[in-house]
Amino acid sequence: MDAGTTLLGSLLACVGVLGAAVVAYLGKRGENAVNGYAGLTEKLQSERDRLERQVAERDTRIGELSTLRAADQSEIARLRLDNHRLGGAS
């Protein structure tokens, strides 16, 4: 019975060690997955920030161009009035 107990204890120890190895392996895979997810999240956030800056710059440029267009339209209207007042054809 002493050899049987030793054999049973050895088998249980092997199962325990294998179980611990599987848990460690799965834990490391989970850690790698979390790190990969965190890295992906960082990349997405930096891309989002870059795109937000581009949109803000574009909106600023659109505002500037709209102001210039309004000034041009006003100048065209003034020149048409001057042309008409001076007797020219439109």
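Heads up: these notes are all about the structure in this document. Nothing here was measured: the structure is a model prediction, and the numbers come from that model. Residue numbering note: each chain is counted from 1, following its sequence as written. Owing to the predicted nature of the model, reporting of local features is limited to residues with pLDDT of at least 70; listing and counting of side-chain atom pairs is limited to 80 or more, with chain, interface and lining totals taken over all residues. Side-chain measures here rest on the full set of heavy atoms in the structure, leaving out hydrogens and waters.

**Topic: the overall build of the protein chain**
Just so we agree on the cut-off: Elements are defined by DSSP. Helices are runs of H or I of four residues or more, strands are runs of E of two residues or more, and each kind is numbered from the N terminus. For a compact globule the rule gives 2.2 Å times the number of residues to the power 0.38, and the radius of gyration it is set against comes from C-alpha atoms. Using a 1.4 Å probe on the protein chains alone, a residue whose accessible area is under 20% of its type maximum counts as buried, one over 50% counts as exposed, and one in between counts as partly exposed. In short, Shrake-Rupley with a 1.4 Å probe defines the accessible areas, and a residue's cover is counted only from the protein chains shown.
Across its full length, the protein chain carries 1 helix and 0 strands. Taking 90 residues into account, the globule formula puts the C-alpha radius of gyration at 12 Å, and the protein chain, at 38 Å, lies well above it. Per-residue burial for the protein chain yields a buried fraction of 0% across its 90 residues. Counting only carbon and sulfur atoms, one obtains 64% of the accessible surface of the protein chain, whose full area is about 7900 Å².

**Points about helix α1 (residues 2–85)**
Spelled out, the test is: Here a helix's expected span is defined as the number of its residues, less one, multiplied by 1.5 Å.
Over its 84 residues, α1 extends 123 Å from the first C-alpha to the last, a length consistent with the 124 Å expected when each residue adds 1.5 Å. Positive phi shows up at Gly87, right after α1, with a value of about 95°.

**A word on the environment of Ser46**
Assignment of secondary structure puts Ser46 in helix α1. Accessibility expressed as a relative area gives 45% for Ser46, which makes it partly exposed. For the pair formed by Ser46 and Gly88, sequence separation is 42 residues and the distance between their alpha carbons is 59 Å.

**Some points on the pattern of salt bridges**
Just so we agree on the cut-off: Salt bridges are defined as contacts in which a side-chain nitrogen from Lys or Arg sits within 4 Å of a carboxyl oxygen from Asp or Glu.
Counted according to the given criterion, the structure contains 7 salt bridges. One salt bridge connects Glu52 with Arg48, and the closest N-O pair in it is separated by 3.9 Å. Taken together, the residues span about one helical turn, with Glu52 and Arg48 both in helix α1 at a distance of 4 residues. In this structure, the salt-bridge partner of Asp59 is Arg58, at a minimum N-O distance of 2.9 Å.

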